[in-house]
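The residues making up each chain are set out below.
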Amino acid sequence: MPANGSCRGRKRHTTRQEGAASMSEFLDRMKTAAKADRKKIVLPEGEDPRTIAAARQIVDEGIADLVILSDPAKIDVPGVTVIDPRTSEKHDEYAAAFAELRKKKGVTLPEAMEQMNDATYFGTMMVKMGDADGLVSGACHSTANTLRPALQILKTAPGTKLVSAFFIMCTDKAEFGENGTLLFADCGLNINPTADELSEIAIASAGSWKKYMSSEPKVAMLSFSTMGSAKGDVPTKVQEATALAHEKAPELAVDGDLQLDAALVPSVAELKAPGSTVAGHANVLVFPDLEAGNIGYKLVQRFAGAEAYGPVLQGIAKPVNDLSRGCSAEDIVGVVAITAVQAQMAE
Ligand SMILES: CC(C)(COP(=O)(O)OP(=O)(O)OC[C@H]1O[C@@H](n2cnc3c(N)ncnc32)[C@H](O)[C@@H]1OP(=O)(O)O)[C@@H](O)C(=O)NCCC(=O)NCCS
Ligand SMILES: CC(=O)OP(=O)(O)O
């Protein structure tokens, strides 16, 4: 398990913030953990230059063993395995297994043979069949097209009913979260979660915080209202989700509804939510829907120059993670390191 830490105290070297130059402590920890027990990660987007730049760095630093899906004639990265799904010796085997998995959905063998020409489906079948430990994609495919194969093929982890997606946000605002590092969810997958689904996202996010940050989560259920100060469908849903999270996981520090300032700023928390164990000190922010979550993470990433690692899936049976099409090569390195760590944890 990686040691506790945050993004503070080191220089950053993302492509997002001109002039700032260094690497986050979170990224450092993920890389160190990944290197300790190298996993095989498949990258289906061999045509993407950022993926190729990331692959070079991952191989150079020994973060993971890589499989790139592409025409081998087009890839020049020493130390990686390149597989063309169309000509792979595994193509027909994966197609037969996929047809079997999806036969209740009416998928025929000829359809499955065609589907295995698609690198994301082929790569996800590699993970399913144990030929790779995890997959990272999404630099040039939409989230829906990246995650649909994972949801169809890998399904939810045992005991989980909902897959959701979070970002680890590393900012230089040490007063927020844990030394500036926070977890935001769901910023990638569930478009308009019900109160029950939102409570599942909160509980899963608390678990992810513990896994990656090794400290106690404080989960803020965000809304435009604090403790019922405003009326509307969203505050009502968030209040219901908070009550459900308390019922399902009474040991967790979860509170809401909370506005963002009440969640993060102690003086505002004192005014708006006195007595809350979360308000003013939240490190996990659960957004009421994908509109808020996706816009919210991009605001923090772009305006505050935060490092944004994700969308990372929680609740999926095996590690598959997405990227934003706006990602940098460094983001891909980070998400590959997280994926490798997830694969270690799954053992
Ligand atoms: C991911 C997404 C495409 C899945 O929806 P869809 O394509 O309509 O597909 P379906 O609803 O038919 O779901 C496909 C499978 O995934 C499963 N599934 C979908 N969402 C799931 C979730 N959150 N958790 C677990 N399983 C899920 C379904 O049960 C279904 O399984 P089945 O085919 O075996 O019955 C959809 O949730 C989506 O578009 N989300 C928003 C993604 C996005 O645009 N993000 C913005 C940028 S990050
Ligand atoms: C996570 C996300 O927003 O992905 P994209 O930018 O590719 O839509």
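- Going by the annotation in an unreviewed UniProt entry, the name recorded for the protein is Phosphate acetyltransferase, with Tractidigestivibacter montrealensis given as the source organism.

1. Quick look at the site of ligand 1
Okay, so step 1: Neighbouring ligand 1 are 17 residues; Arg102, Lys105, Arg148, Lys155 and Val163 lie closest to it.
Okay, so step 2: Between ligand 1 and the protein, one listed contact pairs an oxygen atom with a side-chain N or O atom of Lys155 at 2.3 Å.
Okay, so step 3: Between ligand 1 and the protein, one listed contact pairs a nitrogen atom with a backbone N or O atom of Leu189 at 2.9 Å.
Okay, so step 4: Relative to its unbound accessible area of 930 Å², ligand 1 is 64% covered by the protein chains.
Okay, so step 5: For the shell around ligand 1, the secondary-structure elements that each account for two or more residues are α6 (143-153) and α11 (290-303).
Okay, so step 6: Ranked by residues supplied to the shell around ligand 1, first place goes to α6 with 4 residues.

2. Description of the packing of aromatic side chains
In this description, an aromatic ring pair is defined by two values, namely the gap between the centres and the angle between the planes.
Okay, so step 1: Summed over all chains, the structure comprises 6 aromatic pairs.
Okay, so step 2: Ring centres of Tyr94 and Phe122 lie 4.9 Å apart, and the angle between their planes is 55 degrees; this geometry places the pair in the tilted category. With Tyr94 in helix α3 (residues 91-101) and Phe122 in helix α5 (residues 119-128), this pair connects stretches of sequence that are 28 residues apart.
Okay, so step 3: Judged by its relative accessible area of 1%, Tyr94 falls in the buried class.
Okay, so step 4: On the basis of relative accessible area, Phe122 is assigned to the buried category, the value being 1%.
Okay, so step 5: Relative to Tyr297, the ring of Phe167 lies with its centre 3.8 Å away and its plane at 20 degrees, an arrangement referred to as stacked. With Phe167 in strand β5 (residues 164-170) and Tyr297 in helix α11, this pair connects stretches of sequence that are 130 residues apart.

3. A short note on the side chain of Thr124
Okay, so step 1: Its place among the elements puts Thr124 in helix α5.
Okay, so step 2: Each residue touching Thr124, except ones within four places of it in the same chain, is listed here: Leu135, Pro149, Ala150, Ile153 and Leu154.

4. What to know about the UniProt feature "domain: Phosphate acetyl/butaryl transferase" (unreviewed entry) in the protein
Okay, so step 1: Mapped onto this structure's residue numbering, the UniProt feature "domain: Phosphate acetyl/butaryl transferase" (unreviewed entry) falls at residues 26-340.
Okay, so step 2: Within the segment residues 26-340, helix and strand shares are 43% and 16% respectively, and the terminal C-alpha atoms sit 14 Å apart.

5. Here we look at the site of ligand 2
Okay, so step 1: Near ligand 2 the following residues occur: Thr143, Phe167, Asn294, Tyr297, Lys298, Pro311, Ser324 and Arg325.
Okay, so step 2: The contact in question runs from an oxygen atom of ligand 2 to an N or O atom on the side chain of Lys298, over 2.9 Å.
Okay, so step 3: Ser324 is positioned such that a nitrogen or oxygen atom in its side chain is 2.7 Å from an oxygen atom of ligand 2.
Okay, so step 4: Summarising the interface, the protein chains cover 87% of the accessible area of ligand 2, which totals 260 Å² for the free molecule.

6. A word on the packing of helix α1 (residues 25-36) against helix α12 (residues 329-345)
Each packed pair of helices is defined by two parameters, the angle between the axes and the distance between the axes.
Okay, so step 1: Where α1 meets α12, the axes come as close as 8 Å, and the angle between the chain directions of the two elements is 50 degrees. Compared by their axis directions, α1 and α12 come out oblique. The crossing of α1 and α12 is left-handed. Between α1, through Phe26, Leu27, Met30, Lys31, Ala33 and Ala34, and α12, the contact on the second element is made entirely by Glu330, Val333, Gly334, Ala337, Ile338, Ala340, Val341 and Gln344.
Okay, so step 2: Classifying every residue of the contact of α1 with α12 gives 10 nonpolar, 2 polar and 2 charged.

7. Thoughts on the nonpolar core
Okay, so step 1: Phe26, Leu66, Met221 and Val336 are the most contacted members of the largest nonpolar core, which totals 57 residues.
Okay, so step 2: If one sorts the elements of this core by residue count, α12 sits on top with 9 residues.
Okay, so step 3: Not counting residues within four places of it along the chain, the set of residues in contact with Val336 comprises Ile41, Leu43, Ile58, Ala64, Leu66 and Val136.
Okay, so step 4: Counting residues in hydrophobic clusters, the runner-up holds 27 residues, among them Ala95, Ala112, Met126 and Leu189.

Rules and cut-offs
- Residues numbered from 1 in each chain as written.
- Chains lettered and ligands numbered in written order.
- Predicted model: local features only at pLDDT ≥ 70, side-chain atom pairs only at ≥ 80, totals over all residues.
- Heavy atoms only, no water.
- Near = heavy atom within 4 Å.
- Polar contact = N/O pair within 3.5 Å; in protein donor to acceptor, adjacent residues only side chain to side chain.
- Areas by Shrake-Rupley, 256 points an atom, 1.4 Å probe, with all protein chains shown as cover.
- Helix = DSSP H or I, 4+ residues; strand = E, 2+ residues; numbered from the N terminus.
- Phe/Tyr/Trp six-rings, centres within 6.5 Å; stacked < 30°, edge-to-face > 60°.
- Buried < 20%, exposed > 50% of the residue type's maximum accessible area, 1.4 Å probe, protein only.
- Contact = heavy atoms within 4.5 Å.
- UniProt positions renumbered as here; feature names shortened; annotations may be inferred.
- Axes fitted to C-alpha atoms, helices over the stretch in contact; angles between N-to-C directions.
- Parallel < 35°, antiparallel > 145°, perpendicular 65-115°, else oblique.
- Left-handed = near helix turned anticlockwise from the far one by under 90°.
- Nonpolar A, V, L, I, M, F, W, Y, C, P; charged D, E, K, R; others polar.
- Core = buried A, V, L, I, M, F, W, Y, C linked by side-chain atoms within 4.5 Å.

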